[in-house]
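Geometric and topological summary
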Amino acid sequence: MQLIRIVGVVFFLAFLTPFIDKRLGKISGYLYAILPAFLFVLLLKQLPAIIDRHFIVQTIDWFPLLHVRLSFYLDGLSLLFSLLIAG
């Protein structure tokens, strides 16, 4: 469930951004710089699994009655680009 946590953290902090910005003002930029560093570390932890299995797939049944699933796929290329963007 690591990929789902990574995406969840990004969406949660994106939701909180206006409230944090209003509360902290100019200091909030330092707080926002922590997010890419945290994501870089979480994605770097996935590297051994990618090397061993070549990809990771995680699926959640989002609306089971309608057979709608939310799937996340991480392979070597998507990990490379994610690390480049976060780092």
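Residues numbered from 1 in each chain as written. Predicted model: local features only at pLDDT ≥ 70, side-chain atom pairs only at ≥ 80, totals over all residues. Heavy atoms only, no water.

Pairing geometry for strand 1 (residues 55-63) and strand 2 (residues 68-75), over eight bridges, is antiparallel. Counterpart to Val57 in the pairing with strand 2 is Tyr73. Taking the residues that link successive antiparallel strands as the turn, the strand 1-strand 2 hairpin has four residues, and the phi of His67 there is positive, at about 55°. (Pairing = 2+ DSSP bridges. Helix = DSSP H or I, 4+ residues; strand = E, 2+ residues; numbered from the N terminus.)

To continue, consider the environment of Gln58. Along the chain, Gln58 turns up in strand 1. Residues Gln58 and Gly8, 50 residues apart in the sequence, show an inter-C-alpha distance of 13 Å. A polar contact is formed between the side chain of Gln58 and the backbone nitrogen of Leu3, at a distance of 3.2 Å. (Polar contact = N/O pair within 3.5 Å; in protein donor to acceptor, adjacent residues only side chain to side chain.)

A word on the packing of helix 1 (residues 2-24) against helix 2 (residues 28-44). Packing of helix 1 against helix 2 brings their axes to within 10 Å, and their N-to-C directions diverge by 175°. Considering the angle they form, helix 1 stands roughly antiparallel to helix 2. The residues of helix 2 that touch helix 1, namely those facing Gln2, Ile6, Val9, Val10, Leu13, Thr17, Ile20, Asp21 and Leu24, are Ser28, Leu31, Tyr32, Leu35, Phe38, Leu39, Leu42 and Leu43. Partitioning the contact of helix 1 with helix 2 into residue classes produces 13 nonpolar, three polar and one charged. (Axes fitted to C-alpha atoms, helices over the stretch in contact; angles between N-to-C directions. Parallel < 35°, antiparallel > 145°, perpendicular 65-115°, else oblique. Contact = heavy atoms within 4.5 Å. Nonpolar A, V, L, I, M, F, W, Y, C, P; charged D, E, K, R; others polar.)

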